[in-house]
Protein chains: 2
Amino acid sequence: MLSHTEENYLKALLKLSFESKSEEAGTNELAANLAVKPATATDMLKKLKEKGLVDYEKYGKISLTAVGKTSAIDIVRKHRLWETFLYSTLEFTWDEVHEVAEQLEHIQSAKLIDKLDKFLNYPQFDPHGDPIPNQKGEIKTQFKKTLAEIAAGKACRMVAVKDNSKSFLQYVVKVGLGLHHDIKVLTRQEYDALMEIKVNGIKSSITQKFAENIYVVCSNCAAGKPCTETIDCKQ
Amino acid sequence: MLSHTEENYLKALLKLSFESKSEEAGTNELAANLAVKPATATDMLKKLKEKGLVDYEKYGKISLTAVGKTSAIDIVRKHRLWETFLYSTLEFTWDEVHEVAEQLEHIQSAKLIDKLDKFLNYPQFDPHGDPIPNQKGEIKTQFKKTLAEIAAGKACRMVAVKDNSKSFLQYVVKVGLGLHHDIKVLTRQEYDALMEIKVNGIKSSITQKFAENIYVVCSNCAAGKPCTETIDCKQ
DNA sequence: AAAATTTGTTAGACTAGTCTAACTTTAATA
DNA sequence: TATTAAAGTTAGACTAGTCTAACAAATTTT
């Protein structure tokens, strides 16, 4: 049985493994992610290593073991199912679900999660467009690019967000964006990558920082049809 | 903000205040309820007193302050709403809901509970027949007797259970009993209070220990009609 | 390659919550 | 009422998780 804290460390390590392609993380990086000091992370890493959940040597890089990864995915599954429940069933707004799901993901009951999954009719994606791992821990990987990578003149469709913070999500709504919205990139400045986009007929200027947190694919890929590749979805 | 542990102490104190009419509890009693040693309870009581949640003097009796009681009722509200959700929405069985609700009751989000309450259509009773406090903390008190108090020859209707343990609830089902079932008391032994009852045409022998955990009223009271008082519901 | 910077670890301390063992107060009983 | 029993408290210790400050290793820069 894992403590809430241990679960949070595993989840953070899984997240970091997705972010950096090497699947490895550093102590400082991990600590920053969990809002603790590096010294604290070191202590916990020793404990997680002892429990066979992480591969770790002093001063070395950190990665999850198979067992650790399975546990981490299970937590992510719970988190995303709860987010879906809060959004779809209880009518929470987009920006409210994350912090409550952070608590709910630690509830220990396999039956609860399976029943919830069934009740929600086995959703594949959470309200932020992230894939929900199935009962076996399989995660549907989607090819996607960030809006920042889309060239001027190209069109795309929003499929997910990278940042789940309240402030970011509220800003997304303010700009008129949302999951499954079509976006046309009108212009893009060479100097600072400031983009002008059009969504539902409304034009907005968005910074690179913002655009990097919006995931998109071409409208065909989004609809499950063969990729037109006008924006190279699958690269 | 209260810790899970503090919340559990408050909840236990509220429970004890309902059980003994004096509204006061002892340290050992409290400790036994929480499955900790009396020494541990003493430490926590000092802390809860410091926070203004309990009235307590060394070697004296313990009671909740108004603030402590409000918090405790809020936790009970959460617990019972979650039980209702698990039972009605997720189709958990009667005996499974309690232990998961013990975890869910500690989730911190007023919005979550209000949305859940709305989703469940403002239920008044949980799956065990216990009243669910409303948003203001008001608890509907029901006049009820235990089955052990019903004389031979009398009829009554089951409205709640006192014991929420798995083993008890499973036994209740096995005997053919359940909420809102009509019970006829056929015989009652003078010596050991062993009762013979009839439920849905099936006869069973039940011990006093068992009968004391079944709450009943007359069928009129159960249906919201004027009490016939053949079993003195309101005494 | 040496120096400087970044990254990570160790040591010691703190809090929350728990325990055991010894002790004190209150209540019951002979 | 004096004694015994029950109830409750204190003291000291332990674990999990956190911190700060000092130190060590690895990496980058000059």
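Description of the structure in this document. (Residues numbered from 1 in each chain as written. Chains lettered and ligands numbered in written order. Predicted model: local features only at pLDDT ≥ 70, side-chain atom pairs only at ≥ 80, totals over all residues. Heavy atoms only, no water.)

Comments concerning the pairing of strand 6 (residues 195–199) of chain A
All names here are of chain A. Burial of strand 6 is one-sided: the residues Met195, Ile197 and Val199 facing one way are buried, the residues Glu196 and Lys198 facing the other way are not. Where strand 5 (residues 182–188) and strand 6 come together, five bridges link them in antiparallel fashion. Note that in strand 6 the partner of Arg188 across the bridge is Met195. Linking strand 5 back to strand 6 in an antiparallel pair, the connection comprises six residues, with Ala193 at a positive phi of about 65°. The sheet contact formed by strand 6 and strand 7 (residues 202–206) spans five bridges and is antiparallel. Bridge pairing in strand 7 places Met195 opposite Ile206. The turn linking strand 6 back onto strand 7 is made up of two residues, and Asn200 within it adopts a positive phi angle of 50°. (Buried < 20%, exposed > 50% of the residue type's maximum accessible area, 1.4 Å probe, protein only. Helix = DSSP H or I, 4+ residues; strand = E, 2+ residues; numbered from the N terminus. Pairing = 2+ DSSP bridges.)

Focus on the side chain of Lys145 of chain B
By secondary structure assignment, the location of Lys145 of chain B is in strand 3 (residues 145–146). Every residue in contact with Lys145 of chain B, bar those within four places of it in the chain, is listed here: Ile150, Ile214, Tyr215, Val216, Ile231, Asp232 and Cys233 of chain B. (Contact = heavy atoms within 4.5 Å.)

So, the protein's contact with DNA strand D
Around DNA strand D, the structure places 21 residues, and the nearest of them are Ser3, Thr40 and Lys47 of chain A together with Tyr56 and Lys58 of chain B. In the model, a phosphate oxygen of DNA strand D is placed 2.8 Å from a nitrogen or oxygen of the Asn28 of chain B main chain. At 2.7 Å from a phosphate oxygen of DNA strand D is found a side-chain nitrogen or oxygen belonging to Thr42 of chain B. Sort the elements by how many residues they give to the surface near DNA strand D and helix 3 (residues 38–50) of chain A lands first, with five residues. Partitioning the surface near DNA strand D into residue classes produces nine nonpolar, seven polar and five charged. (Near = heavy atom within 4 Å. Polar contact = N/O pair within 3.5 Å; in protein donor to acceptor, adjacent residues only side chain to side chain. Nonpolar A, V, L, I, M, F, W, Y, C, P; charged D, E, K, R; others polar.)

Examining the protein's contact with DNA strand C
If you check the shell around DNA strand C, you find 21 residues, and the closest are Tyr56 and Lys58 of chain A together with Ser3, Thr40 and Lys47 of chain B. Looking at DNA strand C alone, sugar and phosphate atoms form 80% of those within 4 Å of the protein. One of the backbone nitrogen or oxygen atoms of Tyr59 of chain A is found 3.1 Å away from a phosphate oxygen of DNA strand C. Elements supplying a minimum of two residues to the surface near DNA strand C: helix 2 (27–34) and helix 3 of chain A together with helix 1 (4–19) and helix 3 (38–50) of chain B. Tallying contributions element by element places helix 3 of chain B first for the surface near DNA strand C, with five residues. A breakdown of the residues in the surface near DNA strand C according to their chemical character gives nine nonpolar, seven polar and five charged.

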